[in-house]
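Listed below are the residues making up each chain.
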Amino acid sequence: MKRIGMLTSGGDCQALNAAMRGVVKSLYNSGEELEIFGFLSGYKGLINSDFRMLTGADFTGILTKGGTILGSSRVPFKTIDEPDEKGRNKIECMKHTYYKLGLDCLVVLGGNGSHKTANRLRTEGLNVITLPKTIDNDLWGTDMTFGFQSAVDIATDVIDCIHTTADSHGRVFIVEIMGHKTGWLTLNAGMASGADIILIPEIPYNMKSIISAIKKREARGSKFTILAVAEGAISDEDSKLSKKEYQKKLEKLKTPSVSYEVAQAISEQTGLEVRVTVPGHMQRGGSPCPYDRVFASRLGAEAGKLILKGEYGFMVGYKDREIVKVPLKDVAGKLKTVAPDATIIKEARMLGISFGDEQV
Ligand code: F6P
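As the structure is a prediction and not an experimental result, all values here were calculated from the model.

Asker: Before we move on, can you summarise the overall build of the protein with the specific residues and values?
Answerer: Helix and strand counts for the protein come out as 13 helices and eleven strands. Its C-alpha atoms give the protein a radius of gyration of 22 Å, within 12% of the compact-globule value 21 Å for 360 residues. With respect to the principal axes defined by its C-alpha atoms, the protein has extents near 70 × 40 × 30 Å. Here the protein holds 360 residues, and 53% of them are scored as buried. Counting only contacts in the protein whose residues sit at least 6 apart along the sequence, the fraction spanning at least 24 positions is 74%. Counting only carbon and sulfur atoms, one obtains 51% of the accessible surface of the protein, whose full area is about 15800 Å². Taking the 47 positively charged and 43 negatively charged side chains of the protein as two groups, their mean positions are separated by 2 Å.

This is the structure in C-alpha coordinates:
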(Lines give C-alpha, C1' and ligand atoms only; values in the text may rest on other atoms or scores of the structure.)
Protein backbone atom coordinates (compact mmCIF):
# COMPACT_ATOMS: atom_id res chain seq x y z
CA MET A 1 0.00 0.00 0.00
CA LYS A 2 1.30 3.43 -1.00
CA ARG A 3 -0.10 6.70 0.29
CA ILE A 4 0.67 9.38 -2.29
CA GLY A 5 0.13 13.11 -1.98
CA MET A 6 -0.07 15.06 -5.23
CA LEU A 7 -0.15 18.74 -6.06
CA THR A 8 0.17 21.09 -9.03
CA SER A 9 1.96 24.33 -8.25
CA GLY A 10 2.72 27.64 -9.99
CA GLY A 11 1.32 28.84 -13.31
CA ASP A 12 -0.76 26.07 -14.89
CA CYS A 13 -0.06 24.63 -18.32
CA GLN A 14 -1.31 21.94 -20.66
CA ALA A 15 -0.80 18.25 -19.80
CA LEU A 16 -0.77 18.59 -16.00
CA ASN A 17 -3.73 16.20 -15.90
CA ALA A 18 -2.08 13.85 -18.39
CA ALA A 19 1.02 13.68 -16.18
CA MET A 20 -0.96 12.95 -13.00
CA ARG A 21 -2.98 10.34 -14.86
CA GLY A 22 0.32 8.75 -15.95
CA VAL A 23 1.54 8.47 -12.36
CA VAL A 24 -1.72 7.01 -11.06
CA LYS A 25 -2.34 4.60 -13.95
CA SER A 26 1.18 3.19 -13.77
CA LEU A 27 0.85 2.61 -10.03
CA TYR A 28 -2.61 1.00 -10.29
CA ASN A 29 -1.51 -1.20 -13.18
CA SER A 30 1.43 -2.48 -11.12
CA GLY A 31 -1.15 -3.96 -8.76
CA GLU A 32 -0.07 -1.68 -5.91
CA GLU A 33 -2.80 -0.65 -3.49
CA LEU A 34 -3.08 3.10 -3.41
CA GLU A 35 -4.40 5.99 -1.38
CA ILE A 36 -4.18 9.26 -3.27
CA PHE A 37 -4.44 12.61 -1.53
CA GLY A 38 -4.93 15.44 -4.02
CA PHE A 39 -3.90 18.74 -2.43
CA LEU A 40 -5.93 21.66 -3.73
CA SER A 41 -4.42 24.88 -5.13
CA GLY A 42 -0.77 23.82 -5.00
CA TYR A 43 1.32 24.14 -1.85
CA LYS A 44 -1.56 26.06 -0.24
CA GLY A 45 -3.44 22.75 -0.03
CA LEU A 46 -0.49 21.09 1.67
CA ILE A 47 -0.06 24.01 4.09
CA ASN A 48 -3.76 24.07 4.99
CA SER A 49 -4.30 20.31 4.81
CA ASP A 50 -6.88 20.99 2.14
CA PHE A 51 -7.18 17.85 0.03
CA ARG A 52 -9.52 15.48 -1.76
CA MET A 53 -9.24 11.72 -1.64
CA LEU A 54 -8.90 10.56 -5.22
CA THR A 55 -9.39 7.22 -6.90
CA GLY A 56 -8.59 5.84 -10.34
CA ALA A 57 -11.96 7.15 -11.54
CA ASP A 58 -10.80 10.75 -10.99
CA PHE A 59 -8.04 10.19 -13.52
CA THR A 60 -10.09 8.74 -16.35
CA GLY A 61 -11.06 11.03 -19.22
CA ILE A 62 -8.52 13.70 -18.31
CA LEU A 63 -5.70 12.91 -20.75
CA THR A 64 -6.86 15.66 -23.10
CA LYS A 65 -8.16 18.08 -20.48
CA GLY A 66 -6.29 21.37 -20.04
CA GLY A 67 -5.68 23.08 -16.68
CA THR A 68 -5.42 20.96 -13.56
CA ILE A 69 -8.11 19.01 -11.73
CA LEU A 70 -6.40 20.00 -8.45
CA GLY A 71 -6.16 23.74 -9.07
CA SER A 72 -2.91 25.66 -8.73
CA SER A 73 -1.47 28.73 -7.05
CA ARG A 74 1.80 30.51 -6.55
CA VAL A 75 3.38 30.30 -3.09
CA PRO A 76 6.61 32.23 -3.75
CA PHE A 77 9.73 30.48 -2.52
CA LYS A 78 11.27 33.78 -1.45
CA THR A 79 8.58 34.14 1.22
CA ILE A 80 8.51 30.47 2.23
CA ASP A 81 10.11 31.23 5.59
CA GLU A 82 7.81 34.15 6.31
CA PRO A 83 4.70 33.33 8.37
CA ASP A 84 1.45 32.89 6.39
CA GLU A 85 -1.64 35.07 6.88
CA LYS A 86 -2.49 33.09 10.02
CA GLY A 87 1.01 33.58 11.42
CA ARG A 88 2.02 29.94 10.84
CA ASN A 89 5.34 28.58 9.64
CA LYS A 90 4.56 27.32 6.12
CA ILE A 91 7.25 24.63 6.04
CA GLU A 92 6.17 23.24 9.42
CA CYS A 93 2.53 23.22 8.29
CA MET A 94 3.45 21.24 5.15
CA LYS A 95 5.49 18.75 7.18
CA HIS A 96 2.66 18.43 9.67
CA THR A 97 0.14 17.58 6.91
CA TYR A 98 2.54 15.07 5.34
CA TYR A 99 3.19 13.20 8.59
CA LYS A 100 -0.39 13.46 9.84
CA LEU A 101 -1.63 11.70 6.69
CA GLY A 102 1.18 9.15 6.84
CA LEU A 103 2.26 9.81 3.26
CA ASP A 104 4.92 7.67 1.61
CA CYS A 105 5.64 10.33 -0.96
CA LEU A 106 4.65 13.73 -2.31
CA VAL A 107 4.44 14.20 -6.08
CA VAL A 108 4.88 17.83 -7.11
CA LEU A 109 4.17 19.05 -10.63
CA GLY A 110 5.78 22.43 -10.94
CA GLY A 111 8.21 24.88 -12.50
CA ASN A 112 11.21 26.71 -11.12
CA GLY A 113 9.84 28.20 -7.91
CA SER A 114 7.93 25.01 -7.11
CA HIS A 115 11.14 23.00 -7.48
CA LYS A 116 12.90 25.17 -4.93
CA THR A 117 10.14 24.45 -2.43
CA ALA A 118 10.12 20.74 -3.34
CA ASN A 119 13.85 20.55 -2.74
CA ARG A 120 13.47 22.37 0.56
CA LEU A 121 10.87 19.79 1.64
CA ARG A 122 13.33 17.07 0.62
CA THR A 123 16.01 18.57 2.87
CA GLU A 124 13.41 18.64 5.65
CA GLY A 125 13.09 14.86 5.30
CA LEU A 126 10.03 14.40 3.09
CA ASN A 127 10.00 11.91 0.21
CA VAL A 128 9.47 14.01 -2.90
CA ILE A 129 9.24 13.26 -6.63
CA THR A 130 8.73 16.10 -9.10
CA LEU A 131 7.58 16.43 -12.69
CA PRO A 132 8.72 19.36 -14.86
CA LYS A 133 5.85 21.53 -16.03
CA THR A 134 6.01 24.96 -17.61
CA ILE A 135 5.32 26.56 -20.95
CA ASP A 136 8.64 28.39 -20.48
CA ASN A 137 10.80 25.22 -20.83
CA ASP A 138 13.31 26.86 -18.50
CA LEU A 139 13.82 24.12 -15.91
CA TRP A 140 17.42 23.06 -15.52
CA GLY A 141 18.15 19.33 -15.84
CA THR A 142 15.58 18.53 -18.51
CA ASP A 143 15.69 19.24 -22.23
CA MET A 144 11.91 19.56 -22.27
CA THR A 145 9.09 20.46 -19.92
CA PHE A 146 5.49 19.51 -20.60
CA GLY A 147 3.25 22.38 -21.61
CA PHE A 148 5.99 23.88 -23.75
CA GLN A 149 5.11 22.22 -27.07
CA SER A 150 1.41 23.00 -26.62
CA ALA A 151 2.25 26.66 -25.97
CA VAL A 152 4.56 26.71 -29.00
CA ASP A 153 1.61 25.46 -31.09
CA ILE A 154 -0.70 28.21 -29.82
CA ALA A 155 1.84 31.02 -30.15
CA THR A 156 2.69 29.77 -33.65
CA ASP A 157 -0.99 29.80 -34.63
CA VAL A 158 -1.27 33.36 -33.36
CA ILE A 159 1.70 34.55 -35.41
CA ASP A 160 0.39 32.65 -38.47
CA CYS A 161 -2.88 34.55 -38.17
CA ILE A 162 -1.08 37.84 -37.71
CA HIS A 163 0.96 37.16 -40.86
CA THR A 164 -2.05 37.36 -43.17
CA THR A 165 -3.44 40.57 -41.72
CA ALA A 166 0.03 42.16 -41.52
CA ASP A 167 0.45 41.36 -45.20
CA SER A 168 -2.94 42.79 -46.19
CA HIS A 169 -2.29 46.09 -44.42
CA GLY A 170 1.46 46.38 -44.88
CA ARG A 171 1.97 46.83 -41.16
CA VAL A 172 4.64 46.02 -38.62
CA PHE A 173 3.28 43.60 -36.04
CA ILE A 174 4.68 42.75 -32.64
CA VAL A 175 3.42 39.53 -31.07
CA GLU A 176 4.33 39.40 -27.39
CA ILE A 177 5.05 35.86 -26.29
CA MET A 178 5.15 34.64 -22.66
CA GLY A 179 8.51 34.24 -20.96
CA HIS A 180 9.89 36.83 -18.57
CA LYS A 181 13.23 35.20 -17.95
CA THR A 182 13.88 32.97 -20.95
CA GLY A 183 13.11 33.02 -24.64
CA TRP A 184 12.53 29.34 -25.50
CA LEU A 185 8.88 29.84 -26.37
CA THR A 186 9.44 33.01 -28.39
CA LEU A 187 12.38 31.49 -30.25
CA ASN A 188 10.52 28.33 -31.21
CA ALA A 189 7.17 29.93 -32.04
CA GLY A 190 9.00 32.71 -33.87
CA MET A 191 10.99 30.29 -36.02
CA ALA A 192 7.97 28.04 -36.61
CA SER A 193 5.91 30.94 -37.91
CA GLY A 194 8.59 32.70 -39.93
CA ALA A 195 8.89 35.78 -37.72
CA ASP A 196 11.40 38.26 -39.14
CA ILE A 197 12.74 39.60 -35.85
CA ILE A 198 12.89 37.65 -32.58
CA LEU A 199 13.66 39.40 -29.31
CA ILE A 200 14.47 37.26 -26.26
CA PRO A 201 15.76 38.13 -22.77
CA GLU A 202 19.05 36.31 -23.36
CA ILE A 203 20.02 38.53 -26.34
CA PRO A 204 19.63 42.24 -25.53
CA TYR A 205 18.41 44.28 -28.49
CA ASN A 206 19.13 47.75 -29.79
CA MET A 207 16.64 49.82 -31.74
CA LYS A 208 19.15 50.63 -34.50
CA SER A 209 19.45 47.00 -35.40
CA ILE A 210 15.67 46.47 -35.34
CA ILE A 211 15.04 49.49 -37.57
CA SER A 212 17.77 48.35 -39.96
CA ALA A 213 16.19 44.87 -40.22
CA ILE A 214 12.79 46.43 -41.02
CA LYS A 215 14.31 48.78 -43.60
CA LYS A 216 16.17 45.92 -45.27
CA ARG A 217 12.88 44.07 -45.65
CA GLU A 218 11.25 47.19 -47.08
CA ALA A 219 14.12 47.60 -49.57
CA ARG A 220 13.55 44.00 -50.69
CA GLY A 221 9.89 44.80 -51.32
CA SER A 222 8.38 43.22 -48.21
CA LYS A 223 5.36 45.23 -47.13
CA PHE A 224 5.24 43.96 -43.58
CA THR A 225 7.45 42.80 -40.73
CA ILE A 226 6.62 40.45 -37.88
CA LEU A 227 8.42 40.66 -34.54
CA ALA A 228 8.08 37.88 -31.96
CA VAL A 229 8.97 39.57 -28.68
CA ALA A 230 9.36 37.77 -25.36
CA GLU A 231 7.74 39.42 -22.32
CA GLY A 232 11.20 39.72 -20.82
CA ALA A 233 12.98 41.11 -23.89
CA ILE A 234 15.45 43.76 -22.79
CA SER A 235 17.39 46.51 -24.54
CA ASP A 236 21.16 46.67 -24.59
CA GLU A 237 21.05 49.76 -22.45
CA ASP A 238 18.65 48.32 -19.87
CA SER A 239 20.61 45.08 -19.61
CA LYS A 240 23.42 47.12 -18.04
CA LEU A 241 21.18 48.28 -15.19
CA SER A 242 21.09 46.43 -11.89
CA LYS A 243 18.01 44.25 -11.25
CA LYS A 244 16.66 46.88 -8.86
CA GLU A 245 17.25 49.80 -11.23
CA TYR A 246 15.56 47.91 -14.08
CA GLN A 247 12.60 47.00 -11.88
CA LYS A 248 12.17 50.69 -11.03
CA LYS A 249 12.32 51.60 -14.70
CA LEU A 250 9.66 48.99 -15.55
CA GLU A 251 7.39 50.37 -12.83
CA LYS A 252 7.66 53.80 -14.42
CA LEU A 253 6.92 52.55 -17.95
CA LYS A 254 4.02 54.42 -19.45
CA THR A 255 3.22 51.45 -21.68
CA PRO A 256 1.93 48.03 -20.48
CA SER A 257 5.12 46.22 -21.49
CA VAL A 258 8.41 46.41 -23.37
CA SER A 259 6.64 45.37 -26.60
CA TYR A 260 4.74 48.66 -26.62
CA GLU A 261 7.97 50.60 -26.07
CA VAL A 262 9.53 48.86 -29.05
CA ALA A 263 6.35 49.49 -31.09
CA GLN A 264 6.42 53.18 -30.26
CA ALA A 265 10.09 53.49 -31.17
CA ILE A 266 9.54 51.69 -34.51
CA SER A 267 6.59 53.89 -35.37
CA GLU A 268 8.49 57.09 -34.47
CA GLN A 269 11.64 56.09 -36.33
CA THR A 270 10.06 54.66 -39.50
CA GLY A 271 6.64 56.27 -39.78
CA LEU A 272 5.20 52.77 -40.32
CA GLU A 273 1.95 51.57 -38.81
CA VAL A 274 2.71 49.26 -35.88
CA ARG A 275 0.32 47.02 -33.95
CA VAL A 276 0.88 44.89 -30.85
CA THR A 277 -0.89 41.57 -30.20
CA VAL A 278 -0.66 39.88 -26.81
CA PRO A 279 -2.05 36.31 -26.73
CA GLY A 280 -1.18 36.15 -22.99
CA HIS A 281 -2.66 33.28 -21.01
CA MET A 282 -4.18 31.72 -24.11
CA GLN A 283 -0.72 30.21 -24.47
CA ARG A 284 -1.24 28.17 -21.30
CA GLY A 285 -4.80 27.16 -22.02
CA GLY A 286 -6.77 24.50 -23.81
CA SER A 287 -6.04 20.90 -24.60
CA PRO A 288 -2.45 19.60 -24.61
CA CYS A 289 -0.98 18.86 -28.03
CA PRO A 290 -0.30 15.19 -28.89
CA TYR A 291 3.42 15.56 -28.11
CA ASP A 292 2.66 16.81 -24.60
CA ARG A 293 0.06 14.09 -24.00
CA VAL A 294 2.62 11.41 -24.78
CA PHE A 295 5.51 13.17 -23.05
CA ALA A 296 3.62 13.92 -19.82
CA SER A 297 2.23 10.36 -19.75
CA ARG A 298 5.75 8.94 -20.08
CA LEU A 299 7.09 11.16 -17.30
CA GLY A 300 4.15 10.17 -15.12
CA ALA A 301 4.72 6.46 -15.73
CA GLU A 302 8.42 6.78 -14.86
CA ALA A 303 7.51 8.70 -11.69
CA GLY A 304 5.26 5.77 -10.78
CA LYS A 305 8.22 3.43 -11.26
CA LEU A 306 10.41 5.49 -8.89
CA ILE A 307 7.65 5.51 -6.28
CA LEU A 308 7.32 1.72 -6.48
CA LYS A 309 11.09 1.39 -6.00
CA GLY A 310 11.05 3.91 -3.16
CA GLU A 311 13.55 6.15 -4.96
CA TYR A 312 12.82 9.68 -3.86
CA GLY A 313 14.40 13.12 -4.17
CA PHE A 314 14.33 13.22 -7.97
CA MET A 315 12.77 15.17 -10.80
CA VAL A 316 11.76 12.93 -13.71
CA GLY A 317 13.20 14.74 -16.73
CA TYR A 318 14.25 14.22 -20.33
CA LYS A 319 17.86 14.27 -21.53
CA ASP A 320 19.25 13.28 -24.91
CA ARG A 321 15.96 11.60 -25.86
CA GLU A 322 15.79 9.48 -22.73
CA ILE A 323 13.61 9.84 -19.65
CA VAL A 324 15.99 10.31 -16.74
CA LYS A 325 15.89 10.96 -12.99
CA VAL A 326 17.69 14.11 -11.95
CA PRO A 327 18.55 14.77 -8.28
CA LEU A 328 16.31 17.54 -6.99
CA LYS A 329 19.25 19.20 -5.29
CA ASP A 330 20.81 19.75 -8.74
CA VAL A 331 17.65 21.20 -10.27
CA ALA A 332 16.49 23.65 -7.62
CA GLY A 333 17.41 27.28 -8.12
CA LYS A 334 18.88 26.94 -11.61
CA LEU A 335 17.43 28.38 -14.77
CA LYS A 336 17.88 26.83 -18.22
CA THR A 337 18.36 29.76 -20.56
CA VAL A 338 18.90 30.01 -24.32
CA ALA A 339 22.64 30.35 -24.95
CA PRO A 340 23.14 33.35 -27.26
CA ASP A 341 25.66 31.30 -29.25
CA ALA A 342 23.50 28.15 -29.39
CA THR A 343 23.39 26.31 -32.72
CA ILE A 344 19.69 27.07 -33.13
CA ILE A 345 20.39 30.80 -32.83
CA LYS A 346 23.16 30.55 -35.45
CA GLU A 347 20.81 28.63 -37.75
CA ALA A 348 18.06 31.20 -37.24
CA ARG A 349 20.50 33.96 -38.18
CA MET A 350 21.44 31.96 -41.31
CA LEU A 351 17.75 32.05 -42.23
CA GLY A 352 17.87 35.83 -42.06
CA ILE A 353 16.15 36.21 -38.70
CA SER A 354 17.30 39.27 -36.78
CA PHE A 355 17.72 39.09 -33.00
CA GLY A 356 17.91 42.85 -32.79
CA ASP A 357 21.57 42.75 -31.82
CA GLU A 358 23.32 42.88 -35.19
CA GLN A 359 25.97 45.57 -35.77
CA VAL A 360 24.72 48.26 -38.18
O1 F6P B 1 5.66 30.59 -15.76
C2 F6P B 1 4.72 30.50 -16.73
C3 F6P B 1 4.20 31.87 -17.15
O4 F6P B 1 3.11 31.67 -18.03
C5 F6P B 1 5.21 32.80 -17.77
O6 F6P B 1 5.48 32.53 -19.12
C7 F6P B 1 4.53 34.13 -17.59
O8 F6P B 1 5.48 35.16 -17.62
C9 F6P B 1 3.93 33.97 -16.21
O10 F6P B 1 3.74 32.57 -16.02
C11 F6P B 1 2.62 34.66 -16.03
O12 F6P B 1 2.23 34.50 -14.69
P13 F6P B 1 0.77 34.71 -14.13
O14 F6P B 1 -0.07 33.56 -14.62
O15 F6P B 1 0.94 34.69 -12.66
O16 F6P B 1 0.26 36.00 -14.69
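Asker: Before we move on, could you go through unusual backbone geometry and cite the residues and values that matter?
Answerer: In this structure, Ala15 takes a positive phi of about 75 degrees despite not being glycine. Within the secondary structure, Ala15 is located in the loop between strand S1 (2-8) and helix H1 (16-29). Among the residues examined, Ala15 registers a relative accessible area of 0% and is labelled buried. A positive phi is found at Asp320, a non-glycine position, where the angle reads about 45 degrees. Looking at where Asp320 falls in the secondary structure, it is placed in the loop between strand S10 (314-319) and strand S11 (322-327).

Asker: Pulling in residues and values, what's your account of the side chain of Ser73?
Answerer: Looking at the secondary structure, you find Ser73 in the loop between strand S3 (51-54) and helix H3 (90-100). Polar contacts involving the side chain of Ser73 include one to the main-chain carbonyl oxygen of Ser41, which spans 2.7 Å. If we ignore the near neighbours within four places in the chain, the residues touching Ser73 are Thr8, Ser9, Gly10, Ser41, Gly42 and Lys44.

Asker: Please provide a residue-by-residue account of the packing of H1 against helix H11 (residues 290-309), values included.
Answerer: For the pair H1 and H11, the least separation of the axes is 7 Å and the interaxial angle reads 40 degrees. Considering the angle they form, H1 stands oblique to H11. For the pair H1 and H11, the crossing hand works out as right-handed. Packed against H1, whose contacting residues are Ala18, Ala19, Arg21, Gly22, Val23, Ser26 and Leu27, the element H11 presents Arg293, Ala296, Ser297, Gly300, Ala301, Ala303, Gly304, Ile307 and Leu308 at the interface. For the contact of H1 with H11, the residue count by class is nine nonpolar, five polar and two charged.

Asker: So, the sheet that holds S3: which residues are in play, and what are the values?
Answerer: What the seven strands build is an open sheet, ordered S3-S2-S1-S4-S5-S10-S11; its pairing is mixed. This sheet does not close on itself; its edge strands, each paired only once, are S3 and S11. Going from strand to strand, the sheet's axes swing by 25 degrees on average, the running direction of each strand aside.

Asker: A description of the domain arrangement of the protein should follow, citing residues and the corresponding values.
Answerer: Partitioning the protein into structural domains gives domain 1 (2-147 + 288-319) and domain 2 (150-284 + 339-350). In this structure, domain 1 and domain 2 have C-alpha centres spaced 34 Å apart. In this assembly, 13 residues from domain 1 lie in contact with eleven residues from domain 2. Carbon and sulfur atoms make up 46% of the surface buried where domain 1 meets domain 2, a total of about 930 Å² over both sides. Where domain 1 touches domain 2, the interface holds one salt bridge. Two residues, Asp12 and Arg284, come together in a salt bridge whose shortest N-O distance is 3.0 Å. Put simply, domain 1 and domain 2 have seven residue pairs in polar contact (both at pLDDT 80 or more) between them. Residue composition of the side of domain 1 that touches domain 2, by class: four nonpolar, four polar and five charged.

What counts as what
Note on numbering: residues in each chain are counted from 1, in written sequence order. Side-chain atom pairs in this predicted model are given and counted only at pLDDT of 80 or more, local residue features only at pLDDT of at least 70, and totals for whole chains, interfaces and linings cover all residues. Side-chain numbers come from the whole structure's heavy atoms, not from hydrogens or water. In DSSP terms, a helix is any run of H or I states spanning at least four residues, a strand is any run of E spanning at least two, and both are numbered starting from the N terminus. Values of the radius of gyration come from C-alpha atoms, whereas the globule rule sets the reference at 2.2 Å times the count of residues to the power 0.38. Burial classification: accessible surface area is computed with a 1.4 Å probe over protein chains only, and a residue below 20% of its type maximum counts as buried, one above 50% as exposed, and the rest as partly exposed. The criterion used for residue contact is that any of the two residues' heavy atoms lie within 4.5 Å. Here the Shrake-Rupley method, with its probe set to 1.4 Å, supplies the accessible areas, and only the displayed protein chains count as covering residues. The charge count includes Lys and Arg as positive and Asp and Glu as negative, but it does not include His or the ends of the chains. For this purpose, a charge sits on NZ of Lys, CZ of Arg, CG of Asp or CD of Glu. Polar contact is defined as a pair of N or O atoms within 3.5 Å, subject to the rule that within protein one atom must be able to donate a hydrogen and the other to accept it, and that residues adjacent in sequence are counted only when both atoms are side-chain atoms. Every angle, taken between N-to-C directions, lies between 0 and 180 degrees, and every axis is a line fitted to C-alpha atoms, over only the stretch in contact when it is a helix. Throughout, the term roughly parallel applies to angles under 35 degrees, roughly antiparallel to angles over 145, roughly perpendicular to angles from 65 to 115, and oblique to all others. Note on convention: near helix rotated counterclockwise from far helix by under a right angle means a left-handed crossing. Clockwise means right-handed. Ten residue types, Ala, Val, Leu, Ile, Met, Phe, Trp, Tyr, Cys and Pro, are classed as nonpolar, four, Asp, Glu, Lys and Arg, as charged, and the remainder, Gly among them, as polar. A pair of strands is considered paired only if DSSP assigns at least 2 bridges between the two. For every domain, the bounds stem from an assignment made automatically or drawn from a database. Summed over both partners, the accessible area (1.4 Å probe) lost when two parts come together is defined as the buried area. Salt-bridge detection follows one rule: a side-chain nitrogen of Lys or Arg within 4 Å of a carboxyl oxygen of Asp or Glu.

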